[in-house]
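Secondary and tertiary structure notes
What follows is the residue order along each chain.
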Amino acid sequence: MQHEMLQLIHQGYLGVELPQNRAKTAIFWLGMMRQIEERVGSCHVCQRHRNAQQKEPLQPHDIPNEPWIKLATDLFHFDGKDFLLVC
Ligand SMILES: [Zn+2]
């Protein structure tokens with residue numbers, strides 16, 4: 001049973017942090033967090049892309065004095081659709 005749950009938690013998420021956050025909101029068993037870490041640690045795909053999943057550092061800057069001087073963009077998926085966010 002725990003093996004199937006680990007498989008479900010792991011599906012669709014690379015790395016350790018997201019699967020653990022997802023699991024914490026729904027289920028619990030003793031040793032669950034460590035087992036997720038071990039599962040991710042033994043996954044070729046997670047290990048290959050581990051460094052690509054690092055958080056971007058904040059880049060503080062002065063407040064621009066006109067619109068569209070400074071832009072930030074991100075891609076995300078929500079409700080079955082792909083979005084481009086522009087701030
Ligand atoms: Zn993986």
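Residues numbered from 1 in each chain as written. Predicted model: local features only at pLDDT ≥ 70, side-chain atom pairs only at ≥ 80, totals over all residues. Heavy atoms only, no water.

Focus on a nonpolar patch on the surface
Worth spelling out the cut-off: For patch detection, residues must exceed 30% relative accessible area and be free of salt bridges, and they are connected within 9 Å for like charges or within 5 Å for nonpolar side chains (Val, Leu, Ile, Met, Phe, Trp, Tyr). Areas reported here follow the Shrake-Rupley algorithm with a probe of radius 1.4 Å; residue values treat only the protein chains shown as occluding. When a carboxyl oxygen of Asp or Glu is within 4 Å of a side-chain nitrogen of Lys or Arg, the pair counts as a salt bridge. Only DSSP runs of H or I reaching four residues or more are called helices, and only runs of E reaching two or more are called strands; each is numbered from the N terminus. Exposure classes here rest on a 1.4 Å probe applied to the protein chains alone. A residue is buried below 20% of its type maximum, exposed above 50%, and partly exposed in between.
On the surface, Trp68, Leu71, Leu75, Leu84 and Val86 cluster together into a nonpolar patch covering about 600 Å² of accessible area. Positionally, Trp68 belongs in the loop between α4 (44-48) and β1 (73-78). Relative accessible area serves as the criterion here: at 66%, Trp68 is assigned to the exposed category.

Re the side chain of His10
Defined as follows: Between two residues, a contact is recorded if the distance between any of their heavy atoms is within 4.5 Å.
Residue position: His10 is located in helix α1 (residues 2-10). Here His10 is in contact with Arg39, Val40, Cys43 and Cys46, once residues within four sequence places are set aside.

Examining the coordination of the zinc ion
Stated formally: Here a donor is any nitrogen, oxygen or sulfur atom (N, O, S) within 2.8 Å of the metal, with 3.2 Å used for Na, K and Ca; water is not among the atoms considered, so some sites may look incomplete.
His10 (NE2), Cys43 (SG) and Cys46 (SG) make up the full set of protein donors to the zinc ion, lying at 2.1 to 2.2 Å. Mapping the donors of the zinc ion onto the primary sequence yields the spacing H-x32-C-x2-C. One end of the pair, His10, is in helix α1; the other, Cys43, is in the loop between α3 (32-41) and α4, and 33 residues separate them in sequence. Of the two residues, His10 and Cys43, neither departs from the other in class, the shared state being buried.

Concerning the environment of Pro19
Inspection of the secondary structure assignment puts Pro19 in helix α2 (residues 17-24). For Pro19, a relative accessible area of 1% gives the class buried. Sequence separation between Pro19 and Ile63 is 44 residues; the distance between their C-alpha atoms is 36 Å.

A word on the pattern of salt bridges
A side chain with one charge may pair with a side chain of the opposite charge, provided their charged atoms come close. One pass over the full model with this rule turns up one salt bridge. Here Glu38 makes a salt bridge to Arg34, at a shortest N to O gap of 3.1 Å. Placement of both Glu38 and Arg34 in helix α3 is noted, with a separation of four residues, approximately one turn of the helix.

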